[in-house]
Amino acid sequence: MKPDFEVGIVGAGFAGLVAALSLKKAGKESFVIFERAGEIGGTWRDNIYPGCACDVAVHLYSFGAVPNARWSNLYAGQPEILSYLKDVSVRCELQKHIRLNSDIVAAKFLEEESYWLTTDRMGRETSVSVLLLGLGPLNRPFLPSLKGLNEFGGHYFHTSQWDRNFDPTGKRVAVIGTGASAIQVVPNIAPVVKYLTVIQRTPAWVTHRFDKKIGKTCKDVYQRFPVAQRFKREFIYWINELFGLAFIGNKTLNKVMAWTALRKLRNEVKDATTRKKLTPAYTIGCKRILKSDDYYPTFNRDNVSLVAEGIDRFTQLGILTNDGKEHLLDAVIFATGFVAADLDLYINVVGLQGRNLVDEWKTTGAQAYLGTTVAGYPHLAVLLGPNTGLGHNSILHMIESQMNYIIQYIDCIEKSGAEAYIDLKESVQHVYNERIQAQLKKTVWASGCKSWYMNSNGKNTTLYPGLTVTFRKETRKFDPRVYQKVRRPALVL
Ligand code: N01
């Protein structure tokens, strides 16, 4: 029996939309995008906290084939990115492919049929020849289990589940965490709150952002001469690649980055004690480097304090820190990040002989070949799968590289005919992952800090240990020899 669609994509965030655009470009129109929410946008739909913006410049953090000449700033805010995604889905006629409120809970490869059967939360089944998982790595909020939280009489929530009804004006607020989300929330609520307590466990490395408005003339030039924006995109891309060297072994560049960041800290924070608390004691880049020009100056305000003593427990009135001080609070914002490295997919993915991807990855740590295909799970590809993350450049470049590969993979599946399926060789996956892990040991991420890049067993399952040009090269040409062709068993009727 023929499946309902040639390709099924789970998730209509950036990854799913890049996949859809690539399929269209390759002339493949038989695809469906399952989206569990009532709206597209993924992380850019979910994260609505004040100041939410991207730290990759817009000319690069957008689809190469669908430029936008009207971006307002060099770094776009969440509302603008979300509206760009919606606009692209209309302009590129993706809407007819998108099934909203379709929360896929299970996907099973049917060997006899040689296709995937997906089931959504309502029990609706859809069969697809190839399944692409575009679930996004940063959508499972991490809320630490802190003593006494249930006794706390104030309001609390996670940055990615921002309470739209919460007005911080005139309130005593604490932000727990000092990662990428926190450094955007903090300067944006500080001017309106009564008092802001920033609770830091580990100081982050913060570098310049240099955001600026894109003027009308510039926009008009981009509109009339798209090549100018294309040039800007390339320029930003190569600068980012250059800085990427600091993460993968170039010690001089790494030291220059650290020196620049410390100088920025010295220039922007007046109080010496606060400066000391904000000074990181690990190699720059080990945790994600944060770009901000308004985070440090926030600590010069009279209504903001940095608390680095560690949380003992919540009380009914606030938070008691390890120095015995009780911070009286009306609200607490958990900017405590996400569970990412365990890649605990919320879909039950069942491959050959009943193998379960979630269970396997729990045991071995998430792994795939080129971060994309997985042995034992034929005709499946994971967008932004294991070890495809970056600390230095646009993640969209990685997804586009994956799609170059996946399009060829789909062609190969089609050529192998209805009587067979193709499955990645286990040995190929094993060798690839050994190499990736060995390379990671030489990078800044193995220099000793604790970050969300590592899974609960201390294995880095999230980051690619090279430059994006290298990944593009690795994914440019699909090699059918790393797959085995398996005749599908006869269908028992
Ligand atoms: O999360 P994080 P995030 N007690 O994991 C602290 C992307 N992103 O949401 O460092 C006290 O970075 C934790 O402390 P420590 C981007 O890829 C991008 O901010 O573990 N503190 C840390 O300070 C980013 O990397 C953008 O010691 C606790 C913080 O919480 C990723 O999302 C914007 C704690 C978590 O920081 C995640 O960023 C936003 C505890 N028990 C996000 N537990 C842009 O593009 C945790 N922490 C700009």
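Basis of the calculations
Residues numbered from 1 in each chain as written. Predicted model: local features only at pLDDT ≥ 70, side-chain atom pairs only at ≥ 80, totals over all residues. Heavy atoms only, no water. Domains from an automatic or database assignment. Contact = heavy atoms within 4.5 Å. Buried area = accessible area lost by both parts, 1.4 Å probe. Salt bridge = Lys/Arg side-chain N within 4 Å of Asp/Glu carboxyl O. Buried < 20%, exposed > 50% of the residue type's maximum accessible area, 1.4 Å probe, protein only. Helix = DSSP H or I, 4+ residues; strand = E, 2+ residues; numbered from the N terminus. Pairing = 2+ DSSP bridges. Expected span 1.5 Å × (residues − 1). Arc of directions from axis to C-beta. Disulfide = S-S within 2.5 Å. Near = heavy atom within 4 Å. Polar contact = N/O pair within 3.5 Å; in protein donor to acceptor, adjacent residues only side chain to side chain. Areas by Shrake-Rupley, 256 points an atom, 1.4 Å probe, with all protein chains shown as cover. Nonpolar A, V, L, I, M, F, W, Y, C, P; charged D, E, K, R; others polar.

(A) Just the domain arrangement of the protein, in detail. Splitting the protein by domain gives domain 1 (5-138 + 340-487) and domain 2 (149-213 + 249-334). On a C-alpha basis, the centres of domain 1 and domain 2 stand 32 Å from each other. Opposite the 24 residues of domain 1 that make contact, domain 2 presents 26 residues. Summed over both sides, the interface between domain 1 and domain 2 buries roughly 2,200 Å², with carbon and sulfur atoms accounting for 49% of that surface. Taken together, domain 1 and domain 2 are joined by one salt bridge.

(B) Geometry of the pairing of strand E16 (residues 331-334). The two faces of E16 match: Ala331 and Ile333 on one face and Val332 and Phe334 on the other face are all buried. Where strand E7 (residues 155-158) and E16 come together, four bridges link them in parallel fashion. If you follow tyrosine 156 over to E16, its bridge partner there is valine 332. Relative to E16, strand E8 (residues 172-176) is paired through four bridges, and the arrangement is parallel. By the bridge assignment for E16, valine 175 is matched with isoleucine 333.

(C) Local environment of helix H3 (residues 78-91). Under the 1.5 Å per step criterion, the end-to-end length of H3 is 20 Å for 14 residues, consistent within 8% with the ideal 20 Å. For H3, every residue scored as buried is listed here: Gln78, Ile81, Leu82, Tyr84, Leu85, Val88 and Ser89. Viewed end-on, H3 has its buried residues packed into an arc of 155°, placing them on one side of the element. Those residues of H3 hidden inside the fold are in contact with helix H1 (14-25), helix H2 (43-46) and strand E3 (98-99). Positive backbone phi, at 55°, marks glutamate 93, one or two positions downstream of H3.

(D) Highlighting the environment of glutamate 400. Mapping glutamate 400 onto the fold places it in helix H11 (residues 395-415). Considered as a pair, glutamate 400 and alanine 19 are 381 residues apart in the sequence and their alpha carbons are 7.7 Å apart.

(E) Structural context of the state of the cysteines. Enumeration over the complete set of coordinates arrives at one disulfide. Residue pairing for cysteine 286: its cysteine sulfur links by disulfide to cysteine 449, the two sulfurs lying 2.0 Å apart. Its S-S torsion of about -95° marks the bond between cysteine 286 and cysteine 449 as left-handed, since a negative value means left-handed. Highlighted residues: cysteine 286 in the loop between helix H8 (272-277) and strand E11 (290-291) and cysteine 449 in the loop between helix H12 (426-440) and helix H13 (468-476), separated in sequence by 163 residues. Note on accessibility: cysteine 286 and cysteine 449 belong to one class, buried. With no disulfide partner, cysteine 54 has as its closest neighbouring cysteine sulfur the one in cysteine 52, 8.9 Å distant. Between cysteine 218, a free cysteine, and cysteine 54, which holds the nearest cysteine sulfur, the sulfur-to-sulfur gap is 18 Å.

(F) The site of the ligand, seen in detail. Around the ligand, 23 residues are found, and the nearest of them are Ala180, Ser181, Arg201, Thr202 and Lys287. With respect to the ligand, the side chain of lysine 287 contributes an N or O atom lying 2.6 Å from an oxygen atom. Against a free-state accessible area of 910 Å², the protein chains account for coverage of 85% of the ligand. Partitioning the shell around the ligand into residue classes produces eleven nonpolar, eight polar and four charged. In terms of domain composition, the shell around the ligand takes at least three residues from each of domain 1 (5-138 + 340-487) and domain 2 (149-213 + 249-334).

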